[in-house]
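One letter stands for each residue in the lines below.
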Amino acid sequence: MRIDIITCLPRLLDSFFAHSILQRAQQGGYVEVIVHDLRDYTADKHRRVDDYAFGGAAGMVMQIEPIARCIRSLQAERTYDDVIYMTPDGERLNQRTTNTLSLRQNLIILCGHYKGVDERVRELFITKEISIGDYVLSGGELAACVLSDAIIRLLPGVLNDETSALTDSFQDNLLAPPVYTRPAEFEGHRVPDILLSGHEAKIDEWRHEQALERTRVRRPDLLDL
Ligand code: ADE
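This section reports on the structure supplied with the text. (Residues numbered from 1 in each chain as written. Predicted model: local features only at pLDDT ≥ 70, side-chain atom pairs only at ≥ 80, totals over all residues. Heavy atoms only, no water.)

All right, on to unusual backbone geometry then. The omega torsion of the bond from Arg182 to Pro183 falls at 5 degrees, within 30 degrees of zero and hence cis. Mapped onto the secondary structure, Pro183 falls in the loop between helix H6 (141-152) and strand S8 (185-186). In this structure, Ser20 is a non-glycine residue whose phi angle is positive, near 55 degrees. Tracing the backbone through its elements, the reader meets Ser20 in helix H2 (residues 20-27). One non-glycine residue, Asn173, lies in the positive phi region at around 60 degrees. Summarising the element assignment, Asn173 is placed in the loop between H6 and S8. (Helix = DSSP H or I, 4+ residues; strand = E, 2+ residues; numbered from the N terminus.)

Taken in spatial order, the 5 strands make up an open sheet running S2-S1-S6-S5-S7, and their pairing is parallel. The open sheet is flanked by strand S2 (32-37) and strand S7 (128-131), the only strands paired with a single partner. If you compare each strand with its neighbour and ignore which way they point, the axes differ by 30 degrees on average. In terms of strand pairing, strand S1 (residues 2-7) meets strand S6 (residues 106-111) through 5 bridges, oriented parallel. If you follow Asp4 over to S6, its bridge partner there is Ile108. The strands touched by helix H3 (residues 64-75) are S1, S2, strand S5 (82-92) and S6; relative to S1, the strand with the most contacts, the crossing angle is about 165 degrees. (Pairing = 2+ DSSP bridges. Axes fitted to C-alpha atoms, helices over the stretch in contact; angles between N-to-C directions. Contact = heavy atoms within 4.5 Å.)

Looking now at the pairing of S1. Among the 6 residues that make up S1, 6 are buried, leaving the element largely enclosed by the rest of the structure. Here S1 shows two buried faces, one formed by Arg2, Asp4 and Ile6 and the other by Ile3, Ile5 and Thr7. Bridge count between S1 and S2: 6 bridges; the pairing is parallel. The residue of S2 that forms the bridge with Ile5 is Val35. (Buried < 20%, exposed > 50% of the residue type's maximum accessible area, 1.4 Å probe, protein only.)

Here the focus is H3. With 12 residues, H3 ought to run about 16 Å at 1.5 Å a step, and its terminal C-alpha atoms sit 16 Å apart, in line with that. Those residues of H3 not exposed but buried are Ile64, Pro66, Ile67, Ala68, Cys70, Ile71 and Leu74. (Expected span 1.5 Å × (residues − 1).)

Okay, the nonpolar core next. Nonpolar side chains tend to gather and get buried jointly when the protein is soluble and globular. In terms of nonpolar packing, the biggest core is built from 24 residues, with Ile5, Phe17, Val31, Met86, Leu147 and Ile152 touching the most fellow members. Contributions of two or more residues to this core are made by S1, helix H1 (11-17), H2, S5, S6 and H6. Top element by residues in this core is H6. It accounts for 6 residues. Grouped together as the second largest cluster of nonpolar side chains are 21 residues, Val49, Ile67, Cys70 and Tyr85 included. (Core = buried A, V, L, I, M, F, W, Y, C linked by side-chain atoms within 4.5 Å.)

This is the structure we're talking about:
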């Protein structure tokens, strides 16, 4: 898989992709993440990517020309399955969407800033608009990191234990059950006996019940899906 991220703050993304699972995923050849500085695509000598809103609203708007130039130069090289715009008014991200996107070959992710992008960018280039939650961030970069992380960890081979993404919260529309590690007792608080019993079938059953109960209490909406 290849993910091209378009941003006017490329340095913000560097450290995120340079550590842990995301770094290993790239080094292992499972994913290629390329960050593009939108300012490299301006014709303006001050490398501006934004301008005042027509009609006089507060806040700056990201201009269409540099974005169009950048997306078109990428599309001239390969076919993209989706051109995604990170925006608080997009479709709210969930595990179903990340599962679907993890099956794609090439994705472009555009990070918005200021008051967002000129509406014509959305009309002409964007195939999918994604929000990571009902709150407003200063820019789409963090949201692009969240989306990329959620996708990349699903790529076969990226996680050491291939099954571990399958037992994440939200797969099967259930939250994950509680987990424990050593010590078996901490200041009188014991790990549930069943987990120490060695009874695999019973442990699976216990985990499923716990997942159901946790979902019922914390996220009953998931059980209605
Ligand atoms: N940009 C700003 N806020 C955002 C959000 N909640 N989701 C996606 N992109 C954003």
